[in-house]
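Fold and geometry: a report
Spelled out, the chains give:
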Amino acid sequence: MSRKTPDLSLIVISYEMARELPRTLYSLSPRYQQGIAADDYEVIVIDNGSREPPRVEDFADLGLNLQIHSFADPSPSPVRAINYGLSLAAAPLVGVSIDGARMASPGLLDACRRAARTDPAPVVTTLSFQIGPGPQWISLQQGYDTVWEDRLLDGIDWKTNGYRLFDISPFAENISRGWFGPLSESNLLFLPRPLWDALGGFDPAFESPGGGAANADLLWRALEQPGTRQLVILGEGVFHQIHGGTHTNAGSASLEVHKQAAKEYYRLRGRIRIIDKERSYFGPISRLAAEAYARQLTVSQAAPREAATAMRPAPEAADRYLDLLKAVLLNETGLEMEVAFDAVRGLKEIPASFWTDTLYDVPGQLGGPLAEKRRVRAIGSDTQTAQAGPPLGYTMIGRKRLDHLHGCVSTALAEGVPGDLMECGVWRGGACLLMKAVLDLSGAQDRNVWVADSFAGLPPPSQPEDQGLDLSRTHFPSLAVSQARVEQAFADFGLLDARVRFLPGFFADTLAGCAVEKLAVLRLDGDLYSSTLQALEALYDRVSPGGFIIIDDYGGLGQCAEAVDAFRATRNITDPISMIDWTGAFWRKS
């Protein structure tokens, strides 16, 4: 008995995608796609010259109505391979994915099918996202690679819930004006068969590697056809994997690739066009996609006349901001003033030359102390000398521990480790300020930063292990920083909002019953045996698998280390503990 004619056909172009194509086809299979049956659609893979072409039998377990053909005359441009695939399509509605490395969200095919039924001449367009921390051509220069991407995908269990792909994927560069702006191209486009015939498929004159602007040209020509209407699918999308592609993954060479594609288009068409005419939007929208919408719409609230955009800050700009933030948190920008005042600390009378000469030439007059201040500030050992007093910054943990904390938060976000971020023992809030800044840059709106402290200094020693280590307010008033001052610091940096949650009180009274449910990063800076143990006992079980536990004083205070070792022994924790620097340590929960 012959198979029924499918409702839609999807052409997928593949070239050297042994790693990426299996994920793509899984995401297009009946095992993953929702609202559409296996015999409602067909997938036609056209391999454009791979050394080891994919085989249908390799994907037999997916239950796909699948064809795989090797194009007989492959070339750097996939255009003629696409048109060959169009000649094989049997359905009245035909879609093309010019890049077989693009995974689909679970409701995409059914949404495209249903959207097409709403108009007699539909041009069904989908939105594109790029897996990773940012635009891939930039991220690749920052160290993003297949290992990182594999870890990201493994961390979200996308096969169970494909909408989690929104959590790890910003908009592609071709979405220049956000969810509701015009599209320069669509990386999965469905047209009815008569419209494909009227257009003659893709224009084979586009011979640039990767097709140049052929994909954009196809969309523009379709929208210029009389009577057509663009239907934009909301709540779904395609998600690009890195694979060394000609355009998205060309790294620093990407700009030159795009220049050449633009030159070809100008030669063939005379001008670049973006069709910004009336269009319809088609849902429904999943919860995770809606949360992604909310995150990205927030970006444009300060400029309501501009269309919302999901483009995150360029990694270079984000890195510069975070580097400057760390310098300010450590007061690296004000070390000359600190050194100058250290020089007159305790003097009954300050010489007049201090105000006229020293303050204006600290490197010349106090070069040695300044160099030493830079050294101890960088490693977070300012307080190791009795006369120094606390640093005039927002944190005492030094640059290396700040950088490590930044890395832990970024990794937890990138890998989708569930939960909030928390520090127990915050002093002036510097580490929490950094965590909130990293969180804001990521666009995540569903995580809190918990700021746990007595805001009245450390408690007096209460357990035998802490005898001889009295860091209470009586002896160290500088460690007692009020909640109001920490809140003001968040406000001064523009980081204070409802996702900063303060938990005032001694750990013994607050942590066990606090509202924290899950933690991705837990940082402990309680110094004492009692404070460290109380925090671990109350919060360790709330740390998600893959989450980070950071101990600030493991190498610097024997009482803290003893508490950590006792807790790990009692709980049979064998995850390796590693040193960050001379005192900070961490482990990752298995």
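Residues numbered from 1 in each chain as written. Predicted model: local features only at pLDDT ≥ 70, side-chain atom pairs only at ≥ 80, totals over all residues. Heavy atoms only, no water.

One open sheet holds the 3 strands; their spatial order is 5-10-7, and the pairing between them is mixed. Of all the strands in the sheet, the pair left with one neighbour each is strand 5 (102–104) and strand 7 (128–130). Adjacent strand axes in the sheet meet at a mean angle of 30 degrees when their direction is disregarded. With 3 bridges joining them, strand 7 and strand 10 (residues 238–240) adopt parallel strand pairing. Note that in strand 10 the partner of S128 across the bridge is V238. (Pairing = 2+ DSSP bridges. Helix = DSSP H or I, 4+ residues; strand = E, 2+ residues; numbered from the N terminus. Axes fitted to C-alpha atoms, helices over the stretch in contact; angles between N-to-C directions.)

Following the criterion strictly, the structure yields 18 aromatic pairs and no others. Aromatic pair F71 and Y84: ring centres 5.8 Å apart, planes at 40 degrees, arrangement tilted. Of the two residues, F71 sits in the loop between strand 3 (66–70) and helix 2 (79–88) while Y84 sits in helix 2, which places them 13 residues apart along the sequence. A relative accessible area of 16% places F71 in the buried class. Overall, the relative accessible area of 31% leaves Y84 in the partly exposed class. For the cation-ring pair, R428 lies above Y394, with the distance from its terminal atom to the ring centre recorded as 4.5 Å. The ring of Y540 carries the charged tip of K589 above its face, separated from the ring centre by 4.5 Å. (Phe/Tyr/Trp six-rings, centres within 6.5 Å; stacked < 30°, edge-to-face > 60°. Buried < 20%, exposed > 50% of the residue type's maximum accessible area, 1.4 Å probe, protein only. Lys NZ or Arg CZ within 6 Å of the ring centre and 35° of its normal.)

Glancing now at helix 7 (residues 214–224). A turn of α-helix holds 3.6 residues, and therefore any two residues three or four places apart point the same way. For helix 7, a buried count of 10 out of 11 residues is recorded, marking the element as mostly surrounded by other parts of the structure. If you check which residues of helix 7 are buried, you get A214, N215, A216, D217, L218, L219, W220, R221, A222 and L223.

This part covers the state of the cysteines. Under the defined criterion, the tally for this structure stands at 0 disulfides. For the unlinked cysteine C424, the closest cysteine sulfur is that of C514, found at 7.9 Å. Taking the relative accessible area as the measure of exposure, C424 reaches 1% and is therefore buried. (Disulfide = S-S within 2.5 Å.)

Judged by nonpolar contacts, the single largest core of 85 residues is most densely connected at I11, L25, V43, F190, L191 and F202. Per-element tally for this core: the top contributor is helix 7, with 7 residues. Membership of the second largest hydrophobic core comes to 77 residues, among which are V417, A489, A561 and I580. (Core = buried A, V, L, I, M, F, W, Y, C linked by side-chain atoms within 4.5 Å.)

Here we come to the packing of helix 11 (residues 335–343) against helix 14 (residues 367–379). Each pair of packed helices can be described by the angle between their axes along with the distance between the axes. For the pair helix 11 and helix 14, interaxial distance at closest approach is 10 Å and the crossing angle is 120 degrees. With respect to helix 14, the axis of helix 11 lies oblique. Considering the relative orientation of helix 11 and helix 14, their crossing is right-handed. Along the contact surface, helix 11 presents L335, E336, E338, V339 and D342, while helix 14 presents P369, L370, K373, R374 and R377. (Parallel < 35°, antiparallel > 145°, perpendicular 65-115°, else oblique. Left-handed = near helix turned anticlockwise from the far one by under 90°. Contact = heavy atoms within 4.5 Å.)

Tallied over the full model, the rule gives 40 salt bridges. The salt bridge involving R375 is made with E372; its shortest N-O contact spans 2.7 Å. One end of the pair, R375, and the other, E372, are both in helix 14, 3 residues apart, so they sit about a helical turn from each other. A salt bridge links R523 to E423, with the shortest nitrogen-to-oxygen separation between them at 2.6 Å. (Salt bridge = Lys/Arg side-chain N within 4 Å of Asp/Glu carboxyl O.)

Further remarks concern the confidence of the model for the chain. Of all residues in the chain, 87% attain a pLDDT of 70 or more, and the chain-wide mean is 86. In this model, residues 249–255 is a region of pLDDT below 50 whose contacts with residues beyond four sequence positions or in other chains number 16 contacts. Predicted confidence is poor over residues 297–315, with pLDDT under 50, and the contacts of this stretch with residues over four places away or in other chains come to 33 contacts. (pLDDT = per-residue confidence, 0-100.)

Looking now at the sheet that holds strand 8 (residues 189–192). A sheet is described by the order of its strands in space; here 8 strands give the open sequence 3-2-1-4-8-6-9-11, paired in mixed fashion. Looking along the sheet, the strands with just one partner apiece sit at the ends: strand 3 and strand 11 (279–282). When strand polarity is set aside, the average angle formed by the axes of neighbouring strands in this sheet is 20 degrees. Where strand 6 (residues 122–125) and strand 9 (residues 229–233) come together, 4 bridges link them in parallel fashion. Pairing of P122 across the sheet is with R229, part of strand 9. Along the sheet, helix 3 (residues 108–116) contacts strand 1 (8–14), strand 2 (41–47), strand 4 (93–97), strand 6, strand 8, strand 9 and strand 11; its crossing angle with strand 9, the most-contacted strand, is approximately 155 degrees.

This brings us to the packing of helix 19 (residues 529–539) against helix 20 (residues 558–570). Remark: helix 19 packs on helix 20, axes separated minimally by 7 Å, with the N-to-C direction vectors making an angle of 30 degrees. As judged from the angle between their axes, helix 19 and helix 20 are roughly parallel. Considering how the two elements wind past one another, helix 19 and helix 20 form a crossing that is right-handed. Residues Y529, T532, L533, L536 and E537 of helix 19 pack against Q559, C560, E562, A563, V564, A566 and F567 of helix 20. By residue class, the composition of the contact of helix 19 with helix 20 is 8 nonpolar, 2 polar and 2 charged. (Nonpolar A, V, L, I, M, F, W, Y, C, P; charged D, E, K, R; others polar.)

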